[in-house]
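# An overview of the molecular structure
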Amino acid sequence: MEAGGLPLELWRMILAYLPLPDLGRCSLVCRAWYELILSLDRTRWRQLYLGCIECRHPNWPNQPDVEPASWREAFKQHYLASKTWTKNAPILETSVCFSLFRRRRTRRTLSVGPGHEFHSLGSALAMSSLFDRILLFPGLHEEQGEIILKVPVEIVGHGKLGEVALLASIDQQCSTTRLCNLVFMPAWFSPFMFKTTSGHVQFDNCNFENGHIQVHGPGTCQVKFCTFKNTHVFLHNVPLCVLENCEFVGSENNSVTVEGHPSSEKNWAYTYLLGLIKSSPSVLPAEDSDSVMALDLESRDQAWSPRTCGMVIEGSQSPTSPASSSPKAGSKAGSREAEVGSDGERVARTPDSSDGGLSPSSEDEDEDQLTYRLSYQVQGPRPVLGGSFLGPPLPGASIQLPSCLVLNSLQQELQRDREAMALASSVQGCLIRKCLFQDGKGGVFVCSYGRAKMEGNVFRNLTYAVRCIHNSKVVVLRNHIHHCRASGIFLRLEGGGLIAGNNIDHNAEAGIDIRKKSNPLILCNQIHHGLRSGIVVLGNGKGIIRNNQIFSNKEAGIYILYHGNPIVSRNHIFRGHAAGIAVNENGRGLITANKGCGVWMMSSSLPHVTSNHVSYNGLYGLAVFSQKDGSGEFPGGHGAQENFSEDGDAILWEPEPEKDDDPLRRPVTVALIESNSVNHNGASGLYVQSSEALHVITNVIHANGDRGITVAQSSQLTRVANNSISCNRQSGVKVEAQCKVELRGNGIYDNRGHGIITKGDSTVVIENDIIGNRGSGLQLLPTSDTKVIKNRIHSFRAYGIAVQGHAKALVQENIIFQGKSNKTIFQQIPSNQECIVQNNKFLVFKKKSDTWRLVNPPARPHLENSLRGPSAAHSGQKVTAMATRITAHVEGGYHSKRSIFCTIL
């Protein structure tokens, strides 16, 4: 560069002494000089920015210790913003005689204070002209009457912030005004420190204490680097207002109220503010249309592929079992032989070193007949869980999820959802950005069709952060909301908008509370460590809850009750202290594709729970407790309800259900559990204690710590169809007395107890494959009344079908394979005349090389024959689950440090 050969470091030292105008001139010399000026970002530009009395640190008040990406850019943005108020100024005046000759009007500076030109602000305003600058010198300036601004002026405090205090009530009636470096306090006769009804006002680096500010549309305002102590900002019908880098402390009411629909009439500043907002840095990601198709993760889960399983009935290790799962040489089968429990349930005497995925065939046997095979091809769900997800996670260890289970980022979700992108990009009403709200009652209150956008703020130690009611809309984007004494975000009376990318934690009530027909879009938030529920939907509240992480809350991750009816999809819900999703008191909802949650359904809820991954919960994977008479007792203390009656008794939240025309919501006529993967939970995969009809269709229920399905009460029909129920620590299915259950088209494989055990008085078992279970294939206990028709049944050590006592049964047209040679295929006491056995086919092995295959039809479940009626999943849903033969390790029972329902993915 042409700089006399001096080193760049020396040039930077020289240029560091130049004032701002000279730096600008130097940058215009050439490219080399321009780059040299840019290189002064951390030195001279930082010094110029921090030396300006009109602004504070660029990341104040939330991150004052974090340097901006560029001090020069921050200085430029502030400079442009500080000049917004003059954009309509008549900076050129035409001479009387010659229209071609123009001159720039000179702005005067009027000084106010002891020993200066004017003794009061009022006297200076009386002598001011357009766009004059009024300089208030240090001291207390108190005005005894209301000040009316009739001409545009700039009022600036001289010296450091806090040295100039202004006690006044100002009414702006001109087009524009700027106030800077002042401490405002209300006059003795009015709580309003400043108000305007049509003009534009700009506040820079001011403090406001114990008063009110009011802006009424079409008026606008721009506020930056200001502190509000117990001060309330009223914004009525404003078309656009901007509050940036401000601090709101100790409000006795709401800090900011945005009321009324934005005015259709706009003043001169609207266009300039809108341009300033779009040109300034934003937390929103840039849209990349090329990546939309590449991010289509749902398509990976759509296919269901067949899986071939070769199973060694006795003796040698299954080819699908890992070598590490074999017991030590020399161990005897008798030490691990199953024993019969008090109700006929078979349980393992000594736990194995692996989970329910271990094939019983991998155990050593001391008998000779060990080599014949039963080979079958399982048409089951596509295996979508990677190996890193199958084993029990170590305490404190991070979990690496396979790609199909990883949540989308906010940027990806916005690119996939054009409506969400439009909401996130919109600016209407009030924009509140990078502000701090703390130690007060309320943060932002939006009401009566108001519009507000909150972006990159911190809300802490408030009663609530954001309250949106009465047809208002909010965009709450990438804020931190924590330690509120009530709910973090509260919506009611048809409030809506977008709540995305926020960190919502440690709130005393729900993180997000949705009531009375409110219908927000909730995306990609982290909602955690709440003292109650993560999200609550009640009182005909709706909403779309998608792609969120909801964890470590003391009550339900998502609680739906009193006719709440959201669409819940693709969330991670884990490590909670209660249910992952709880549905109670006529709550409804379409709940799809969640990962790692337990679902708890209560009290006439009739939910549709479809396409979820329900894993590693401390107790049940899914539990249905629906008692129409309200007499049911819920185990574990989960019958207790939260106190959601903000406006009175719970009866206020039970209006008549509204008519719902949303195509995503189907008519709710029967409770449905469909196409879920329920695995590695501490107790039963599915527990049913219900007085209402229930359909359980096309689920994979695998490797749970107790039974696969437990039906403890079912006065109406529970239909269990086309499910894969495998490798659970006790029976595949257990039906208690006086239950009505139909089991059709299921594959029940490799469970450590019986395949099916029933006491029910109306049980139908038809066209199932019940193969490879350690206990009997079917155990029919006294008092049961069961029809067993067209099944294929096999047990390793026990009977194919065992009829205990005087159980009533019809056993017809089944294929029953022999187990160990010293066991019979069928067990029945001779005196039982109520067990009818006819037209069954009994297959016994004749030589060691015998191989039986499940063909014609192939191994169940058969998905093309699923019982899909009006309650079946809508066509837009993708079906995902997991393979029926998966080996992994899971501890029995549940741990004290895990949640009852939700612990860890």
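Higher on the page you've got the structure.
Residues numbered from 1 in each chain as written. Predicted model: local features only at pLDDT ≥ 70, side-chain atom pairs only at ≥ 80, totals over all residues. Heavy atoms only, no water.

### Some words on the overall build of the protein chain
Our working definition: We count a stretch as a helix when DSSP gives it H or I for four or more residues in a row; a strand needs E for two or more, and each element gets its number in order from the N terminus. Buried residues are those whose accessible area, probed at 1.4 Å on protein chains only, stays under 20% of the maximum for their type, while exposed residues exceed 50% and partly exposed ones sit between those limits. The contact criterion used throughout is that any non-hydrogen atoms of two residues lie within 4.5 Å. All accessible-area figures derive from a Shrake-Rupley calculation using a 1.4 Å probe, and residue coverage is judged against the displayed protein chains alone.
Each helix and strand counted, the protein chain has 10 helices and 73 strands in total. For the protein chain, the proportion of its 905 residues judged to be buried stands at 59%. Contacts in the protein chain between residues at least 24 apart in sequence constitute 57% of all its contacts with a sequence separation of at least 6. Carbon and sulfur atoms form 52% of the exposed surface of the protein chain, whose accessible area is close to 35,200 Å².

### Remarks on the pairing of strand S13 (residues 200-204)
So the rule is basically this: For two strands to pair, DSSP has to find at least two bridges joining them.
Counting buried residues in S13 gives five out of five residues, a clear majority hidden from the surface. Here S13 shows no split at all, with His200, Gln202 and Asp204 on one side and Val201 and Phe203 on the other all buried. With five bridges joining them, S13 and strand S16 (residues 220-224) adopt parallel strand pairing. Bridging from a neighbouring strand, Phe203 pairs with Val223 of S16.

### Quick look at the pairing of strand S68 (residues 808-812)
As judged from the five bridges shared by strand S65 (residues 785-789) and S68, these two strands associate in the parallel manner. The partner of Ile789 across the bridge, within S68, is Gln812. Pairing geometry for S68 and strand S71 (residues 835-838), over four bridges, is parallel. Along S71, the bridge assignment pairs Gln812 with Gln838.

### Regarding the nonpolar core
Filter applied, for reference: Here, nonpolar core means buried Ala, Val, Leu, Ile, Met, Phe, Trp, Tyr and Cys residues that are tied together by side-chain atoms lying within 4.5 Å of each other.
The biggest cluster of nonpolar side chains holds 118 residues, and the ones touching the most others in it are Phe184, Leu235, Val256, Ile512, Ile535, Ile581 and Ile801. Considering each element in turn, this core owes the most residues, five residues, to strand S29 (residues 458-469). Non-local contacts of Phe184, meaning those with residues more than four positions away in its chain, are made with Leu166, Ile170, Leu179, Met193, Phe203, Cys206, Asn207, Phe208 and Glu209. The next biggest cluster of nonpolar side chains, apart from the first, holds 18 residues, and it includes Trp11, Leu36, Trp60 and Phe75.

### What about the pattern of salt bridges?
Put simply, the test is: What makes a salt bridge here is a side-chain nitrogen of Lys or Arg within 4 Å of a carboxyl oxygen of Asp or Glu, nothing more.
Going through the model one piece at a time under the given rule, you end up with 24 salt bridges. Lys734 serves as the salt-bridge partner of Glu736, at 3.4 Å between the closest nitrogen and oxygen. Among the residues examined, Lys734 registers a relative accessible area of 2% and is labelled buried. Its salt-bridge partner being Lys808, residue Asp785 comes within 4.0 Å of it at the nearest N-O pair. With Asp785 in strand S65 and Lys808 in strand S68, the pair connects residues that are 23 residues apart, well separated along the chain. In this structure Asp785 comes out as partly exposed when scored by relative accessible area, which is 28%.

### Structural notes on the packing of helix H1 (residues 8-15) against helix H3 (residues 31-38)
To be explicit about the condition: Angles run from 0 to 180 degrees between N-to-C directions of axes, and those axes are lines fitted to C-alpha atoms, restricted for helices to the stretch in contact. Any angle that falls under 35 degrees is termed roughly parallel, while one over 145 is termed roughly antiparallel, one within 65 to 115 roughly perpendicular, and all others oblique. When residues are sorted by character, Ala, Val, Leu, Ile, Met, Phe, Trp, Tyr, Cys and Pro go into the nonpolar class, Asp, Glu, Lys and Arg into the charged class, and all the rest, Gly among them, into the polar class.
It is at 10 Å that the axes of H1 and H3 come closest, and there the two elements cross at 70 degrees. By the angle between their directions, the pair H1 and H3 is classed as roughly perpendicular. Each of Leu8, Trp11, Arg12 and Leu15 in H1 lies in contact with H3, whose residues at this interface are Trp33, Leu36 and Ile37. Here the residues of the contact of H1 with H3 sort into six nonpolar, no polar and one charged.

### What about the sheet that holds strand S66 (residues 792-795)?
Strand order in the open sheet formed by nine strands is S48-S51-S54-S57-S60-S63-S66-S69-S72, and the pairing between neighbours is parallel. Taken across any chain shown, the strands that pair with only one partner, and hence form the sheet edges, are strand S48 (613-615) and strand S72 (841-843). Across this sheet, the average inter-strand angle for adjacent strands is 10 degrees, counted without regard to direction. Where strand S69 (residues 815-817) meets S72, three bridges bridge the pair, whose relative direction is parallel. When the sheet's bridge partners are listed, Ile815 is paired in S72 with Lys841.

### Remarks on unusual backbone geometry
Across the junction of Gly217 and Pro218, the peptide omega takes the value 10 degrees, indicating a cis bond. Along the chain, Pro218 falls in the loop between strand S15 (212-216) and S16. The omega torsion across Arg860 and Pro861 is 10 degrees, close enough to zero to call that bond cis. Here Pro861 is to be found in the segment after strand S73 (851-859). For Asp439, which is not glycine, the phi torsion reads 55 degrees and is therefore positive. Counting through the fold element by element, Asp439 comes out in strand S27 (residues 436-447).

### What about the packing of aromatic side chains?
Two measures describe an aromatic ring pair: the distance that separates the ring centres and the angle between the ring planes. Which entries qualify depends on this criterion: Aromatic pairing here means that ring centres of Phe, Tyr or Trp (its six-membered ring) are within 6.5 Å. Orientation follows from the plane angle: under 30 degrees is stacked, over 60 is edge-to-face, and everything else is tilted. Only Lys NZ and Arg CZ are tested; either one counts as a charge over a ring when it is within 6 Å of the ring centre and within 35 degrees of the ring normal.
Scanning all chains against the criterion turns up 19 aromatic pairs. When the ring of Phe208 is compared with that of Phe228, the centres are 4.9 Å apart and the planes differ by 10 degrees; the resulting orientation is stacked. Residue Phe208 is found in strand S14 (residues 207-209), and its partner Phe228 is found in strand S17 (residues 227-229); the two are separated by 20 residues along the sequence. Summarising the aromatic geometry, the rings of Phe551 and Phe574 are spaced 5.0 Å apart at their centres and angled 10 degrees between planes, so their arrangement reads as stacked. Placement of the pair is Phe551 in strand S40 (residues 549-551) and Phe574 in strand S43 (residues 572-574), with a sequence separation of 23 residues. For Phe551, a relative accessible area of 12% puts it in the buried group. Members of the aromatic cluster, each reached through a chain of ring pairs, are Phe184, Phe194, Phe203, Phe208, Phe228, Phe248, Phe437 and Phe459. Here the guanidinium or amino end of Lys195 rests over the ring plane of Phe192, the centre of that ring lying 5.8 Å away. Seen from the ring of Tyr270, Lys266 lies directly overhead, with NZ or CZ sitting 5.1 Å from the centre.

### As for the environment of Thr177
Residue position: Thr177 is located in strand S10 (residues 176-180). Overall, the relative accessible area of 0% leaves Thr177 in the buried class. As for Thr177 and Pro152, which are separated by 25 residues in sequence, their C-alpha atoms are 5.3 Å apart.

### Structural notes on the state of the cysteines
For clarity, the cut-off: Any two cysteine sulfur atoms within 2.5 Å of one another count as a disulfide.
Summed over the entire model, instances satisfying the criterion amount to zero disulfides. Not part of a disulfide, Cys435 finds its nearest cysteine sulfur in Cys246, a span of 4.6 Å.

### Brief notes about the packing of helix H2 (residues 20-27) against H3
Where H2 contacts H3, the axes come no closer than 7 Å and their chain directions differ by 140 degrees. The angle between H2 and H3 places the two elements in the oblique class. Side by side, H2 and H3 meet where Leu23, Cys26 and Ser27 of the first sit next to Trp33, Tyr34 and Ile37 of the second. Of the residues in the contact of H2 with H3, the class split is five nonpolar, one polar and no charged.

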